[in-house]
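# Structural description and commentary
Chain by chain, the residues run as shown.
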Amino acid sequence: QVQLVESGGGLVQTGGSLRLSCVTSGIIFGMHTLGWYREAPGKQRELVAKTDSIGRRKNYADSVKRRFIVSRNSTKKTVYLQMDSQKPEDTAVYYCYATRDGYQTHDWGQGTQVTGST
């Protein structure tokens, strides 16, 4: 059974930093693309960042480039999202996801709330 458990969300001031973690289980870690989506109130869920199954290729939404960094640790079976230079528009529920190489369907975490404050 696939499980993705996020943590690290909370309140963050504009310009501040936060790191999200997503511990995975039930997947072959080295055969999954891992990443993060977010969903803000009244908006569609959007892809924020992803890393391929070996952590070599990383992709980011234009809105978070040079501010967010996605990484993965195969020993801990965890994917991270380091968020720096927070902006109010980063407020959203952040969802971790995993996609098996060669497949299209995502497995999802339960989400963690990130709320910007001034």
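Residues numbered from 1 in each chain as written. Predicted model: local features only at pLDDT ≥ 70, side-chain atom pairs only at ≥ 80, totals over all residues. Heavy atoms only, no water.

This part covers the pairing of strand β11 (residues 112–117). Pairing between strand β2 (residues 10–13) and β11: four bridges, direction parallel. From the neighbouring strand, L11 faces β11, where its bridge partner is T115. (Pairing = 2+ DSSP bridges. Helix = DSSP H or I, 4+ residues; strand = E, 2+ residues; numbered from the N terminus.)

Moving on: the sheet that holds strand β8 (residues 78–83). An order of β1-β3-β8-β7 is seen for the four strands of this open sheet, with the pairing classed as antiparallel. Pairing within the sheet leaves two strands with one partner each, and these edge strands are β1 (3–7) and β7 (68–73). Each neighbouring strand pair of the sheet contributes to a mean axis angle of 15 degrees, computed without reference to strand direction. With five bridges connecting them, β1 and strand β3 (residues 18–25) associate as antiparallel partners. Bridge assignment links V5 to a residue of β3, and that residue is V23. (Axes fitted to C-alpha atoms, helices over the stretch in contact; angles between N-to-C directions.)

All right, on to unusual backbone geometry then. The backbone phi angle of K77 is positive, close to 55 degrees, even though this residue is not glycine. By the secondary structure assignment, K77 is in the loop between β7 and β8. Assessed through its relative accessible area of 37%, K77 is described here as partly exposed. The backbone of S85 shows a phi angle near 50 degrees, a positive value even though the residue is not glycine. (Buried < 20%, exposed > 50% of the residue type's maximum accessible area, 1.4 Å probe, protein only.)

In this section: the packing of aromatic side chains. Tallied over the full model, the rule gives four aromatic pairs. Relative to Y97, the ring of Y37 lies with its centre 5.2 Å away and its plane at 75 degrees, an arrangement referred to as edge-to-face. Note that Y37 is positioned in strand β4 (residues 32–39) and Y97 in strand β9 (residues 92–100), a separation of 60 residues in sequence. Across the pair, Y97 and Y37 agree in class, each one buried. An aromatic cluster is built from Y37, Y95, Y97 and W108, whose rings are joined through pairwise contacts. Positioned over the ring face of Y95 is R45, at 3.8 Å from the centre of the ring. A cation over a ring is seen here: R72 above F29, with NZ or CZ 4.5 Å from the ring centre. (Phe/Tyr/Trp six-rings, centres within 6.5 Å; stacked < 30°, edge-to-face > 60°. Lys NZ or Arg CZ within 6 Å of the ring centre and 35° of its normal.)

A few words on the state of the cysteines. Throughout the structure, instances matching the rule amount to one disulfide. Bridging C22 to C96, the disulfide has an S-S length of 2.1 Å. Looking along the S-S bond of the C22-C96 disulfide, the torsion reads about -75 degrees, which is the left-handed sense. You can see C22 sitting in strand β3 and its partner C96 sitting in strand β9, a full 74 residues away along the chain. Given a relative accessible area of 0%, C22 falls into the buried group. (Disulfide = S-S within 2.5 Å.)

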